[in-house]
Amino acid sequence: MTKTEDKALKDKAPLGKVIVITSGKGGVGKTTSAAAISAALAKRGHKTVVIDFDVGLRNLDMIMGCERRVVFDFINVIQGEARLKQALIKDKRLDTLSILPTSQTRDKDALTQDGVEKVLNELKEEFDYIVCDSPAGIERGAQLAMYFADEAVVVTNPEVSSVRDSDRVLGLLSSKTKRAETGGDEVKAQVLLTRHDQRRIDAGEMMTIEDVLEILAVPLLGVIPESPAVLRASNVGTPVVLDEPSAASRAYEDAVARLLGEEVEMRIGNEKRPGLFGRIFGRSA
Amino acid sequence: MSLFGFSLKPRRPKTAQTAKDRLQILLAHERSGSSQVPDYLPKLQQDILEVIRKYMTIAEDDVDIRVEHKDDISSLEINIEMPTPEQKKSGAQTSKPAKS
Ligand SMILES: Nc1ncnc2c1ncn2[C@@H]1O[C@H](COP(=O)(O)OP(=O)(O)O)[C@@H](O)[C@H]1O
Ligand SMILES: [Mg+2]
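Values in this document were obtained by computation on a predicted structure and should not be read as measured data. (Residues numbered from 1 in each chain as written. Chains lettered and ligands numbered in written order. Predicted model: local features only at pLDDT ≥ 70, side-chain atom pairs only at ≥ 80, totals over all residues. Heavy atoms only, no water.)

K.L.:
Outline the nonpolar core, supporting the account with residue identities and numerical values.
P.N.:
Residue and element names in this part refer to chain A. With 61 residues, the main nonpolar core has Ile51, Phe74, Leu100, Leu111, Leu123, Ile130 and Leu173 as its most contacted residues. At 5 residues, helix 8 (residues 160–173) tops the list of elements feeding residues into this core. With residues up to four places along the chain from it excluded, the contact list for leucine 100 reads Val49, Val50, Ile51, Asp52, Asp73, Phe74, Leu84, Ala87, Leu88, Val119 and Leu123. Counting 38 residues, the second largest nonpolar core, distinct from the first, contains Ala36, Ile63, Met64 and Leu94. (Core = buried A, V, L, I, M, F, W, Y, C linked by side-chain atoms within 4.5 Å. Buried < 20%, exposed > 50% of the residue type's maximum accessible area, 1.4 Å probe, protein only. Helix = DSSP H or I, 4+ residues; strand = E, 2+ residues; numbered from the N terminus. Contact = heavy atoms within 4.5 Å.)

Next up, the structure:
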């Protein structure tokens with residue numbers, strides 16, 4: 001993104017778009033993806049905040065590398081114990097990025113729908129993108145994380161229980177969200193296939209991308225390869241797109257470009273797979 | 001995985017040690033109960049606000065409390081924004097409604 005576009009972004013009123021990163025199943029890469037997507041958006045000059053909805057199991061702060069700077073959290077703000085601006089942590093690497101950590105000591109009952117809505121509305125006045133890192137499951141915490149979403153990134157691994165849970169979550173997105181309940185435009189849901197391992201797919205041990213998309217029947221946002229760069233980045237508390245370039249970081253950058261409406265050819269790792277993806281685009285178009 | 005141009009650069013030092021160090025610092029802090037700091041912080045902030053208000057007019061937003069952890073020292077930082085003569089009357093003109 002160029003300097004002039006950067007400046008133009010700053011002068012505009014914030015977009016205020018809410019994107020939930022969800023999955024049903026745990027351990028599929030939601031927090032990794034929330035960190036990478038929000039950092040990639042911020043890197044492009046969009047004012048972005050990433051919120052940890054996983055109350056009681058705070059982890060986003062570790063992945064973002066700001067765990068020692070948490071004083072107040074999302075729950076303190078909801079309960080009126082702190083102001084939003086006191087709880088927001090400004091990223092030290094990107095001035096367009098902020099983190100709203102969650103509470104480590106309370107439980108998910110501390111979240112209320114009214115409270116979440118108030119916080120989101122306040123954030124919409126300042127940020128272009130509000131990325132919500134959902135907890136696993138389909139209970140209250142996960143439902144509140146998706147309730148006010150405009151768009152959803154459904155993080156899925158090419159594996160039976162993950163695909164099944166993603167299907168469940170897609171059902172909730174089209175029925176248990178504000179957009180669904182008020183009859184407005186549907187939440188725009190896209191699948192982000194993560195921990196993709198071409199060798200295991202080639203060996204016939206893992207479902208292919210086509211298999212997964214055929215079952216879920218929603219558009220594909222991107223394919224993130226299983227990559228040692230993800231562990232490395234989490235060790236040092238850096239979102240993978242702000243760490244040294246890797247197949248995973250490029251895949252996240254491409255996914256974010258698509259999230260912003262750009263047309264970017266799908267590739268797995270460094271390889272382009274026009275044959276395969278030509279067919280996928282044919283199907284989902 | 002295949003070789004990319006940048007993978008020819010020397011690898012950075014091992015990151016597992018960084019992970020361990022970060023966790024040890026964080027968990028020592030959480031287990032010691034000093035993680036309860038955020039629990040009394042909101043009340044502390046309210047009390048400070050009340051005391052300050054005996055002497056000057058300030059908004060709720062003007063008191064900012066932060067905790068910084070550096071190695072084995074934690075410090076509490078309290079910032080109070082004092083009203084300047086011109087500011088005294090003009091409240092916040094931003095779009096954010098200041099509900100109490
Ligand atoms: N693309 C990937 N390659 C390798 N490991 C990954 C990848 N994505 C996620 N992981 C690892 O999987 C684990 C779970 O990821 P996380 O983002 O915490 O999932 P969730 O938030 O869905 O529970 C972490 O150990 C993370 O490092
Ligand atoms: Mg998580």
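K.L.:
Please provide a residue-by-residue account of the sheet that holds strand 8 (residues 220–225) of chain A, values included.
P.N.:
All names here are of chain A. Pairing is mixed across the open sheet formed by 8 strands, whose spatial order is 3-4-2-5-1-6-7-8. The open sheet has two edge strands with one neighbour each: strand 3 (89–90) and strand 8. Strand direction decides the pairing type here: strand 1 (residues 17–22) and strand 5 (residues 129–133), joined by 5 bridges, are parallel. Looking at strand 5, one finds that isoleucine 19 is bridged to valine 131. Across the sheet, helix 2 (residues 30–43) lies against strand 1, strand 2 (48–52), strand 4 (97–100), strand 5, strand 6 (151–156) and strand 7 (188–196), angled at about 170° from strand 5, the strand it touches most. Those strands touched by helix 8 are strand 1, strand 6 and strand 7, and its axis lies near 165° from that of strand 6. (Pairing = 2+ DSSP bridges. Axes fitted to C-alpha atoms, helices over the stretch in contact; angles between N-to-C directions.)

K.L.:
Describe helix 6 (residues 113–124) of chain A, listing the residues and the values that go with them.
P.N.:
Residue and element names in this part refer to chain A. Helix length check: helix 6, at 12 residues, gives a terminal C-alpha distance of 16 Å against a target of 16 Å (1.5 Å per residue), a fit within 8%. Where helix 6 is concerned, the buried positions are Gly115, Val116, Val119, Leu120 and Leu123. End-on, the buried residues of helix 6 take up no more than an arc of 130°, which puts them together on one face. Facing away from the buried side of helix 6, by more than 90 degrees, are the exposed residues Asp114 and Lys118. Looking at the buried side of helix 6, the elements it contacts are strand 2, helix 4 (74–78), helix 5 (84–87), strand 4, strand 5 and helix 7 (140–147). (Expected span 1.5 Å × (residues − 1). Arc of directions from axis to C-beta.)

K.L.:
Describe the UniProt feature "binding site: ATP" (unreviewed entry) in chain A, and please don't skip the residues or the numbers.
P.N.:
Residues and elements named next belong to chain A. The sites that carry the UniProt feature "binding site: ATP" (unreviewed entry) are, in the present numbering, Lys25, Gly26, Gly27, Val28, Gly29, Lys30, Thr31 and Thr32. Within the element layout of this structure, glycine 26 appears in the loop between strand 1 and helix 2. Looking at glycine 26, the relative accessible area reads 37%, which means it is partly exposed. Here glycine 27 lies in the loop between strand 1 and helix 2. Glycine 27 sits in the exposed class, given a relative accessible area of 62%. (UniProt positions renumbered as here; feature names shortened; annotations may be inferred.)

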